[in-house]
Amino acid sequence: MTPGRAQAPGPRGLLRRLREVMAEAGTVDERLARVVRNIAANMVAEVCSAYLLRGDELELYATEGLNPDAVHKTRLKVGEGLVGDIAAHARPLALADAQSHPQFAYKPETGEEVYHSLLGVPILRDNRVIGVLVVQNQTRRQYADEEVEALETIAMVLAEMVASGQLSGGEDLVAASRASTMPFRADGRTLSEGLAIGIAVLHEPRIHVEKTMADDIPREKLRLDAAVASMRDQVNKMLETPDNDIVGESRDILETYKMFAHDTGWLAKLHQAVDSGLTAEAAVQRVQGDTRHRMQAITDPYLRERLADLDDLANRLLLHLTGRPQHTAAENLPENAILMARSMGPAELLDYDRRKLQGVILEEGSSMSHVAIVARALSIPVVGGVEGVIAKVEPGDTVVVDGDHAQVFVRPVSDVVSAFHQSVGLRKARLAKYAAQREDPSITADGTRVAMLVNAGLLIDLSHLDETNADGIGLYRTELQFMVRPTMPKADAQTAIYRRVIEHAGERPVVFRTLDIGGDKVLPYLVKYPEENPAMGWRAIRLTLDRPALLKVQLRALLEAAAGSNLHVMFPMIAEVDEFRRARRLLDREVQRLVNLRKPVPLKVQVGSMLEVPALAWQLPALLPLVDFISVGSNDLMQFMFAADRGNTKLADRYDPLSPAMLSFLHWVVQQCHAAGTPITMCGEMGSRPLEAMALLGLGFRRLSMPANAIGPVKEMLRSLSVPALAEFMSKLYASPEHSVRGPLEEFARENGVIV
Ligand code: PEP
Ligand code: MG
């Protein structure tokens, strides 16, 4: 307790007093004024003000201590001033000298210049900011942690009063406390093309706490204890299931849950929150809020993950308290679902029923992330990078995902819906046109033959091979089959999958890439090793060379599946020739093993290397004599060339694959392969966009592997292109000092009638 300060009665007494105030007569403004007066007295503060969100502005609704004329006049944008900053970050701020804070915004009408210290907390309803509650003092007061927590508790109760209409006549406030029901449009980034309309489903369901103020504190404590006990039971039961069901990471997580579920510090905090007058549910949410604030400030990835586990555990506890079944969004998916998430991994996406999932909206995400790659394979439209959208959507809202124009519409008006249906019609017509061009040979206007291949990995891709009339599968991502299963597929299961793919492809080649896990591709049953930079970490060939049993089983399955036919095997993330040699040795040994056992072997085994780590380009003279083919993975190559994480939203548009650096690098690589007579394919996403594919042909690629839906547009482009003219034009671009040569390439296409 700060010396010289009166003893505050604590929030429990205050909450009781606030309830009495609610019941008193008077206008809403009068009663809110009494509420803030009581809070100020309780917190021993000269000022207490309640700002509530109206549209995108925080309006001063009631104050004790500031100029009363400022009520309903002072408004701050979210993000403006200290109050706006608290709302923008949904976290408390305690400042002994508020005016020296860079975010301080002076509002002369309030007369607040005499108050030096400020403590403000967000007023949250269902994790959404609906206002800000502030206390101020003239002295430079250091607010203690307990005071921050007390004000947070009061803010929760205030949120409930506002939202439930307890301040009768406060319809304005009730409306302000709800998510807007207004339609809106938001821009994002196309992660997967296509259009969809449907019902918003939150990947992480919001748990709604109805009642925050406890009527009977001992009873709330009993409820809390019972919920904690049943949650512990559940975690124990899950841990008791046999090891083959829960291995690796899931077991680690459960052990962490178990540890937290017995953590006395956490439990004591929950009890204190109930003691302060909150219901058990509200107490869990309040303590969860503290965890989230801590998470925002922590950069250490390991600690962040542990705090995320604690956050998850709080959600579980809430489910036990509210008695809701522990279903995930994937289990309860409605027809026509549009899934909304902050971010998502490819395995999580694959958990959802494809027949019901119409589209996805992500607040983060980049087009090169694997969730985007999987969504494209499944033809699920995805718009990513739509910041802050989840807070503005209610589950069940109608939502339009326009992956063709990188935008989303929430609660669309009828005009938008009819425009949407028109776009669907146009899209269908476009797809019909590509289908009609299915038989057209992929030969450029000057007669250059281009091999058009598809990227695959899911069984649905086999039908794509026929629909597109592609020349084969240029990249089969074997890890996707590992990601859709709850446990590691055994050797037999792997053989069966590969055999099915080979049989379906028939004469058409299939390039099987060995397991490329790690980075954003996690297998739920494999122990995850905490890494600061997973994209540059223990992944792909690095992991499988260190765990050769994994690779051996896979190679064996591939060899058995391809017995009697041709097999193409490719190793991912090769950074140096020696890695390729070691991987190839493992393969050769497996072939020899089959020969020794007099088992059938493939007619021919061709072995290739991915080129996605720049270092390998300088070793091509040593590598090319050892490989049968090279395949460029532009997705990883881009991230390593530019030191720009392929999954980072902030960097998603920062560097252009059509940059002089990338194009001249690829030109040099292609020349080396051509000189050695080694086939080279582009299998990264770069080859899937017509303009980029055009540039690749200009610099010498003759083999492109891409998602199936790109075959139509890319083939149309190449049939309208004369390669020699483009190659000549591009020779002047490699040395360009510009950020990108997209502009000149677009101009070339326009002037030469190339359909891009
Ligand atoms: C690439 O990196 O370009 C690639 C084809 O592999 P993935 O996207 O699966 O990492
Ligand atoms: Mg890659």
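Keep in mind that what you see is a predicted model, and the values were worked out from it rather than measured.

About the criteria used
- Residues numbered from 1 in each chain as written.
- Chains lettered and ligands numbered in written order.
- Predicted model: local features only at pLDDT ≥ 70, side-chain atom pairs only at ≥ 80, totals over all residues.
- Heavy atoms only, no water.
- Helix = DSSP H or I, 4+ residues; strand = E, 2+ residues; numbered from the N terminus.
- Rg over C-alpha atoms; globule rule 2.2 N^0.38 Å.
- Buried < 20%, exposed > 50% of the residue type's maximum accessible area, 1.4 Å probe, protein only.
- Contact = heavy atoms within 4.5 Å.
- Areas by Shrake-Rupley, 256 points an atom, 1.4 Å probe, with all protein chains shown as cover.
- Lys, Arg positive; Asp, Glu negative; His and termini not counted.
- Charge placed at Lys NZ, Arg CZ, Asp CG, Glu CD.
- pLDDT = per-residue confidence, 0-100.
- Patch = residues over 30% accessible without salt bridge, like charges linked within 9 Å, V, L, I, M, F, W, Y side chains within 5 Å.
- Salt bridge = Lys/Arg side-chain N within 4 Å of Asp/Glu carboxyl O.
- Near = heavy atom within 4 Å.
- Polar contact = N/O pair within 3.5 Å; in protein donor to acceptor, adjacent residues only side chain to side chain.
- Nonpolar A, V, L, I, M, F, W, Y, C, P; charged D, E, K, R; others polar.
- Donors = N, O, S within 2.8 Å, 3.2 Å for Na, K, Ca; no water.
- Core = buried A, V, L, I, M, F, W, Y, C linked by side-chain atoms within 4.5 Å.
- Phe/Tyr/Trp six-rings, centres within 6.5 Å; stacked < 30°, edge-to-face > 60°.
- Pairing = 2+ DSSP bridges.
- Right-handed = clockwise from strand over helix to strand, strands pointing away.
- Axes fitted to C-alpha atoms, helices over the stretch in contact; angles between N-to-C directions.

Asker: Is there a simple way to think about the overall build of the chain in this case?
Answerer: Per the secondary structure count, the chain includes 26 helices and 22 strands. Relative to a compact globule of 756 residues, whose C-alpha radius of gyration would be 27 Å, the chain shows 30 Å and is just as compact. Seen along its three principal axes, the alpha-carbon backbone of the chain occupies a region of about 90 × 60 × 45 Å. Classification of the 756 residues of the chain by burial places 54% in the buried group. Looking at the chain alone, contacts between residues at least 24 apart form 67% of all its contacts between residues at least 6 apart. Accessible surface for the chain amounts to roughly 32,100 Å². Of this, 52% is attributable to carbon and sulfur atoms. With 85 positive and 98 negative side-chain charges, the chain shows a separation of 4 Å between the mean positions of the two kinds.

Asker: Please explain the side chain of Gln-285 as it appears in this structure.
Answerer: Among the structural elements, Gln-285 can be located in helix H9 (residues 280-297). Gln-285 sits in the buried class, given a relative accessible area of 14%. Excluding residues that lie within four positions of it along the chain, Gln-285 makes contacts with Met-156, Ile-207, Val-209 and Leu-318.

Asker: What is the right way to look at the confidence of the model for the chain in this model?
Answerer: Overall, the prediction assigns the chain a mean pLDDT of 88, with 92% of residues at 70 or greater. In the model, residues 1-9 has pLDDT below 50 throughout and makes ten contacts with residues more than four positions away in sequence or in other chains. In this model residues 243-249 is a low-confidence stretch, pLDDT under 50, and it forms 15 contacts with partners more than four residues away in sequence or in other chains.

Asker: In this structure, what is going on with a negative patch on the surface? I would like to understand it.
Answerer: A contiguous patch of negative charge, built from Glu-204, Asp-312, Glu-348 and Asp-351, is present on the exposed surface. With respect to the helices and strands, Glu-204 occurs in the loop between strand S9 (195-202) and helix H6 (217-240).

Asker: Honestly, the pattern of salt bridges in this entry has me stumped. Any pointers?
Answerer: When the charged atoms of two side chains lie near each other, side chains of opposite charge can form a pair. Under the criterion given, the structure shown has 46 salt bridges. Between Glu-149 and Arg-286 there is a salt bridge, with the nearest N and O atoms lying 3.8 Å from each other. Note that Glu-149 is positioned in helix H4 (residues 145-164) and Arg-286 in helix H9, a separation of 137 residues in sequence. Looking at Glu-149, the relative accessible area reads 21%, which means it is partly exposed.

Asker: Any chance you could explain the site of ligand 1 here in plain terms?
Answerer: Of all residues adjacent to ligand 1, which total 16 residues, the nearest are Arg-477, Arg-513, Gly-633, Asn-635 and Arg-646. The contact in question runs from an oxygen atom of ligand 1 to an N or O atom on the side chain of Arg-477, over 2.8 Å. Side-chain polar atom of Arg-646 to an oxygen atom of ligand 1: 2.8 Å apart, as the coordinates give it. When the free accessible area of ligand 1 is taken as 280 Å², the share hidden by the protein chains comes to 100%. Secondary-structure elements contributing two or more residues to the shell around ligand 1 are helix H12 (370-377), strand S16 (473-477) and helix H21 (634-641). Partitioning the shell around ligand 1 into residue classes produces four nonpolar, five polar and seven charged.

Asker: Looking at this model, I keep getting lost on unusual backbone geometry. Mind explaining?
Answerer: The phi torsion of most residues other than glycine is negative, and most of the peptide bonds are trans. Of note in this structure, His-72 is not a glycine but carries a positive phi near 70°. Tracing the backbone through its elements, the reader meets His-72 in the loop between strand S2 (57-64) and strand S3 (75-77). Taking the relative accessible area as the measure of exposure, His-72 reaches 27% and is therefore partly exposed. One non-glycine residue with positive phi stands out, namely Ser-379, at about 55°. Mapping Ser-379 onto the fold places it in the loop between H12 and strand S12 (382-384). Residue Ser-379 is classed as partly exposed on the basis of its relative accessible area, which comes to 41%.

Asker: What's the story with the coordination of the magnesium ion (ligand 2) in this structure? I'm lost.
Answerer: Around a metal, the ideal angle is 109.5 degrees if four donors adopt a tetrahedral arrangement and 90 or 180 degrees if six donors adopt an octahedral arrangement. Glu-612 (OE) and Asp-636 (OD) make up the full set of protein donors to the magnesium ion (ligand 2), lying at 2.0 to 2.2 Å. Note that Glu-612 is positioned in the loop between strand S19 (604-611) and helix H20 (620-623) and Asp-636 in helix H21, a separation of 24 residues in sequence. Just as Glu-612 is buried, Asp-636 falls in that class too.

Asker: For this particular structure, what's the right way to read the side chain of Thr-681?
Answerer: Relative to the elements of secondary structure, Thr-681 occurs in strand S21 (residues 680-682). The residues contacting Thr-681, other than those within four sequence positions of it, are Leu-453, Ile-630, Ser-631, Val-632, Phe-701, Arg-703, Leu-704 and Ser-705.

Asker: Where do I start with a positive patch on the surface in this structure?
Answerer: A contiguous patch of positive charge on the surface is contributed by Lys-552, Arg-582, Arg-585 and Arg-589. Here the positive patch gets three residues from one element, more than from any other, and that element is helix H19 (residues 577-596). Mapped onto the secondary structure, Lys-552 falls in helix H18 (residues 548-561).

Asker: What should I look at first to understand the environment of Cys-48 in this one?
Answerer: Among the structural elements, Cys-48 can be located in strand S1 (residues 47-54). Judged by relative accessible area, which is 0%, Cys-48 ranks as buried.

Asker: Looking at this model, I keep getting lost on the nonpolar core. Mind explaining?
Answerer: Taken as a class, soluble globular proteins show a tendency for nonpolar side chains to be buried jointly. Counting residues in each nonpolar core, the largest one holds 126 residues, and the members touching the most others are Leu-663, Leu-666, Met-694, Phe-701, Leu-704 and Leu-745. Here Leu-704 is in contact with Val-450, Ala-451, Met-452, Leu-453, Thr-681, Met-682, Ala-693, Leu-696, Leu-697 and Val-714, once residues within four sequence places are set aside. Listed in part, the 67 residues of the second largest apolar core include Ile-130, Ile-154, Trp-266 and Leu-321.

Asker: Mind showing me how you'd approach the packing of aromatic side chains here?
Answerer: Counting across every chain of the model gives eight aromatic pairs. With a centroid separation of 5.5 Å and 65° between ring planes, the pair formed by Tyr-498 and Phe-512 is classed as edge-to-face. Within this pair, whereas Tyr-498 is found in helix H16 (residues 491-505), its partner Phe-512 is found in strand S17 (residues 510-513), the two being separated by 14 residues in sequence. Exposure class is identical for Tyr-498 and Phe-512. Each is buried. Between Phe-729 and Phe-748, the aromatic rings sit 5.1 Å apart at their centres with planes inclined by 35°, giving tilted as the arrangement. Highlighted residues: Phe-729 in helix H25 (residues 723-730) and Phe-748 in helix H26 (residues 742-751), separated in sequence by 19 residues. Taking the relative accessible area as the measure of exposure, Phe-748 reaches 6% and is therefore buried.

Asker: Got a minute to help me understand the pairing of S19 in this structure?
Answerer: For a regular strand, side-chain orientation follows a simple rule: the groups alternate between the two sheet faces. Pairing analysis gives six bridges linking strand S18 (residues 566-571) to S19, with the strands arranged parallel. Residue pairing across strands places Val-569 opposite Val-607, the latter belonging to S19. You can see the chain leave S18, run along H19 and come back into S19, and the turn it takes is right-handed. Sheet topology note: the S19/strand S20 (residues 629-632) ladder contains four bridges and is parallel. By the bridge assignment, Ser-609 is partnered in S20 with Ile-630.

Asker: Looking at this structure, how should I read the sheet that holds S2?
Answerer: Within a beta sheet, neighbouring strands are joined by backbone hydrogen bonds and run either parallel or antiparallel to one another. Spatial strand order, S3-S2-S1-S6-S5-S4: six strands in an open sheet with antiparallel pairing. What marks the edges here is a single partner per strand, and that holds for S3 and strand S4 (93-95). With strand direction ignored, the average angle separating the axes of adjacent strands in the sheet is 25°. Where S2 lies against S3, three bridges are found, and the strand directions are antiparallel. Counterpart to Glu-59 in the pairing with S3 is Arg-75.

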